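Read off the chains here:
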Amino acid sequence: MSKLIEVFKQYQHQLTWIYVFMLLTELSILSTPFLLGKSIDGLIVGNWYWMVLLGVSYFVSNFFNYKRMVYDTKVYTKIYNNIALKFLKKNDVDVSTKIARTDMAHEIVNVLEGYVHYYIATLVTIIGSLIFIFSENWQVGVLVSTASVFIISAVFILYKKIKQGITISNNHYEKKVKSIEGGYASSESFFRRRRKIEICQSTIQGKNWFLVNSIKYVFLILSIILLINTTKDITIGSVITVYSYVINFLIALMSAPVAIEMVLRISDVMKRLD
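Residues numbered from 1 in each chain as written. Predicted model: local features only at pLDDT ≥ 70, side-chain atom pairs only at ≥ 80, totals over all residues. Heavy atoms only, no water.

Visitor: Any details on the overall build of the protein? Residues and values, ideally.
Guide: The secondary structure content of the protein amounts to 12 helices and zero strands. Overall, the protein shows an N-to-C arrangement of helices and strands of α-α-α-α-α-α-α-α-α-α-α-α. In the protein, which comprises 274 residues, the proportion classed as buried is 43%. Sequence-distant contacts, at least 24 apart, represent 81% of the contacts inside the protein between residues at least 6 apart. Counting every atom, the protein has about 15300 Å² of accessible surface; 65% of that belongs to carbon and sulfur. (Helix = DSSP H or I, 4+ residues; strand = E, 2+ residues; numbered from the N terminus. Buried < 20%, exposed > 50% of the residue type's maximum accessible area, 1.4 Å probe, protein only. Contact = heavy atoms within 4.5 Å. Areas by Shrake-Rupley, 256 points an atom, 1.4 Å probe, with all protein chains shown as cover.)

Here it is in structure tokens:
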């Protein structure tokens, strides 16, 4: 991951601004279930204070997201061009490999643009949701916290197969131009093999998501039962707030499969570009 860190250091000023906008957006979004619950309880008794705050929260998150979107494309396209041109300048390899690896360079930009954003949102959601859940009902907080152990265990069951699939897929992709240059029969063989690889990868991903989704729903149902049976004088707004934070927390935990695949994918690409 040293190359990724090197890219970040080179563009740290621009990337920091992008990530600050992301963080502010996610913090505003995090407050939504709390404000929504308070708004419902408030409106029942004719109080509009929390509803106004909820509206302000929506505006703030939308504004910061807009600022990020206006700025970040300029930065990410510049980063990709520099990486691709630097590779083409120093590497004396065949055209097929060059095309494939410059395409793969998008993976680095995808990490900085998509995955970092995704994990900023995930960390904010996991930490923030737990704080809100524990403040409402510590027993529910303990219960949903244990879900992380089961979800991470489920991901590592298929870890080796995910890694192997990524390596095989990238090795095969580097042969694309050669196969097309070899004529119709060679091209047909390439795309037939490509299809089998993608089906295999999709099957592994499907198994991963089935496992973690099953765990998510089990803990969601248990949390609802525990909340109702252990909270005295619970309000409609409180139920909605806790339910929202529980499901947000469990969905955020499901980023584990994406995290593992991202690390493996970018590590493989980095080796090819070095």
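Still more to cover.
Visitor: Can you break down the environment of Ile 152 residue by residue, with the values?
Guide: Mapped onto the elements, Ile 152 comes out in helix α7 (residues 138-157). For Ile 152 and Met 254, which are 102 residues apart along the polypeptide, the C-alpha to C-alpha distance reads 8.6 Å.

Visitor: Could you give an account of the packing of aromatic side chains, naming the residues involved and the relevant values?
Guide: For the structure on display, the rule yields 10 aromatic pairs. Between Trp 17 and Phe 21, the aromatic rings sit 6.0 Å apart at their centres with planes inclined by 35°, giving tilted as the arrangement. Linking Trp 17 with Phe 21, this pair stays in helix α2 (residues 12-30), spanning four residues, or about one helical turn. Using a relative accessible area of 14% as the deciding quantity, one classes Phe 21 as buried. In this structure an aromatic cluster arises from ring pairing among Trp 17, Phe 21, Phe 59, Phe 63 and Phe 64. (Phe/Tyr/Trp six-rings, centres within 6.5 Å; stacked < 30°, edge-to-face > 60°.)

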